[in-house]
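One letter stands for each residue in the lines below.
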Amino acid sequence: MVTDPISDFLTRIRNASKAGHRIVEIPASNIKKNMTKILYDQGYILKYKFDDAKGPQGTIMIALKYHPLTKQPAIRSLSRVSRPGLRRYTKSADAPRVINGLGITILSTSKGLMTDKEAKASNVGGEVLCYVY
């Protein structure tokens, strides 16, 4: 049984990209689906597919993105910030920037999951889930 499904999601992607896998399969949940959509919209993954036939909640199939010449993964680092033992919250003006704006911070806000730039534009704060670069 997984006690922190978000860090399990991030660890599966991190391990698959370091091992050079093309596709990673992850058990689905609504928050994982929204995080996958954000990673796709920001250009960190190639494509994704939600398969509701497998398992009780379904699965998420993610095609990882690599540089065509150097074969380096597009996701250099995924780090969990807020965890079950220590939640981290931020205001919209104080949303952390990752690598001076080159990476993204995924926030859980009252208006749903969004990046740090979208949260500043919407003027909402929330829980800092992870950093991606």
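Above this text sits the structure in question.
Let me sum up the structure you'll find in this document. (Residues numbered from 1 in each chain as written. Predicted model: local features only at pLDDT ≥ 70, side-chain atom pairs only at ≥ 80, totals over all residues. Heavy atoms only, no water.)

1. Topic: the overall build of the protein chain
Here is the rule: Helical segments are the DSSP runs of H or I of at least four residues, strand segments are the runs of E of at least two, and each set is numbered from the N terminus. In this description the radius of gyration comes from C-alpha coordinates, and the expected globular size is given by 2.2 Å times residues to the power 0.38. Per-residue accessibility, obtained with a 1.4 Å probe over protein chains only, is compared with the maximum for each type, and a residue is labelled buried under 20%, exposed over 50%, and partly exposed between these values. Note on contacts: a residue pair qualifies if any of its non-hydrogen atoms lie within 4.5 Å across the two residues. Calculation of accessible area relied on Shrake-Rupley with a 1.4 Å probe; when residues are assessed, cover is drawn exclusively from the protein chains displayed. In this tally Asp and Glu are treated as negative and Lys and Arg as positive; neither His nor the chain ends contributes. Lysine's charge is taken at NZ, arginine's at CZ, aspartate's at CG and glutamate's at CD.
When its secondary structure is counted, the protein chain shows 3 helices and 8 strands. Going from the N terminus to the C terminus, the protein chain shows its helices and strands as α-β-α-β-β-β-β-β-β-α-β. Whereas a compact globule of 133 residues would reach a radius of gyration of roughly 14 Å, the protein chain reaches 15 Å, a difference of no more than 12%. Structurally, the protein chain occupies a C-alpha span of about 40 × 35 × 25 Å along its principal axes. Taken across its 133 residues, the protein chain has 43% of its residues classed as buried. Of the contacts formed within the protein chain by residues at least 6 apart in sequence, a portion of 60% connects residues at least 24 apart. For the protein chain, the accessible surface area stands at approximately 7,700 Å², while carbon and sulfur atoms represent 50% of it. Treating the 22 positive side-chain charges of the protein chain as one cloud and the 10 negative ones as another, the clouds have centres 5 Å apart.

2. Quick notes on the packing of aromatic side chains
Both the distance between ring centres and the angle between the ring planes are used here to describe each pair of aromatic rings. Selection rule: Two rings from Phe, Tyr or Trp (for Trp, the six-membered ring) form a pair when their centres sit within 6.5 Å of each other. Planes less than 30 degrees apart are called stacked, planes more than 60 degrees apart edge-to-face, and all others tilted.
Within the structure shown, the criterion is met by 2 aromatic pairs. For the pair Y40 and Y48, a centre-to-centre distance of 5.3 Å together with 75° between the ring planes defines the contact as edge-to-face. When its relative accessible area of 37% is taken as the criterion, Y40 is described as partly exposed. Summarising the aromatic geometry, the rings of Y48 and F50 are spaced 5.1 Å apart at their centres and angled 45° between planes, so their arrangement reads as tilted. With a relative accessible area of 28%, Y48 lands in the partly exposed category. Members of the aromatic cluster, each reached through a chain of ring pairs, are Y40, Y48 and F50.

3. Brief notes about the nonpolar core
Condition: Put simply, buried Ala, Val, Leu, Ile, Met, Phe, Trp, Tyr and Cys residues joined by side-chain atoms within 4.5 Å make one nonpolar core.
Counting residues in hydrophobic clusters, the biggest one holds 25 residues, and the most contacted among them are F9, I13, M35, I62, L64, I106 and V132. Mapped onto this core, the elements with two or more residues apiece are α1 (5-19), β1 (23-27), α2 (30-41), β3 (59-64), β6 (104-109) and β8 (126-132). It is α1 that contributes the most residues to this core, 5 residues altogether. The contacts of L64, once residues within four sequence positions are left out, are I13, A16, S17, H21, R22, V24, I45 and L46. Ranked by size, the runner-up nonpolar core spans 7 residues in total, among them V81, A95, L107 and V124.

4. With respect to the pairing of β3
We count it as follows: Note on pairing: DSSP must find at least two bridges between two strands before they are called paired.
Among the 6 residues of β3, 5 are classified as buried, and the element is accordingly described as predominantly covered. In this structure, β1 lies alongside β3, joined through 5 bridges in antiparallel fashion. Paired with V24 across the bridge in β3 is I62.

5. Observations regarding the side chain of K32
The residue K32 is located in helix α2 in this model. Filtering out sequence-adjacent residues up to four positions away, K32 remains in contact with P5, D8, F9, I26, P27 and I60.

6. Focus on a nonpolar patch on the surface
Put simply, the rule is: Patches were defined on residues exceeding 30% relative accessible area and lacking a salt bridge, with like-charge contacts within 9 Å and nonpolar side-chain contacts (Val, Leu, Ile, Met, Phe, Trp, Tyr) within 5 Å. Here, a salt bridge means any Lys or Arg side-chain nitrogen found within 4 Å of an Asp or Glu carboxyl oxygen.
On the surface, I99, L102 and Y133 cluster together to form a nonpolar patch covering roughly 310 Å² of accessible area. The topology assignment puts Y133 in the segment after β8. Y133 sits in the partly exposed class, given a relative accessible area of 33%.

7. Considerations on α1
Note the threshold: How far a helix is expected to stretch is found by multiplying one less than its residue total by 1.5 Å.
With 15 residues, α1 should reach 21 Å at 1.5 Å per residue; the first-to-last C-alpha distance of 21 Å fits that figure. All buried positions along α1 are accounted for by I6, D8, F9, L10, I13, A16 and S17. At the exit of α1 stands G20, carrying a positive phi of roughly 85°.

In short, the description is geometric, and any link to function would need to be established separately.
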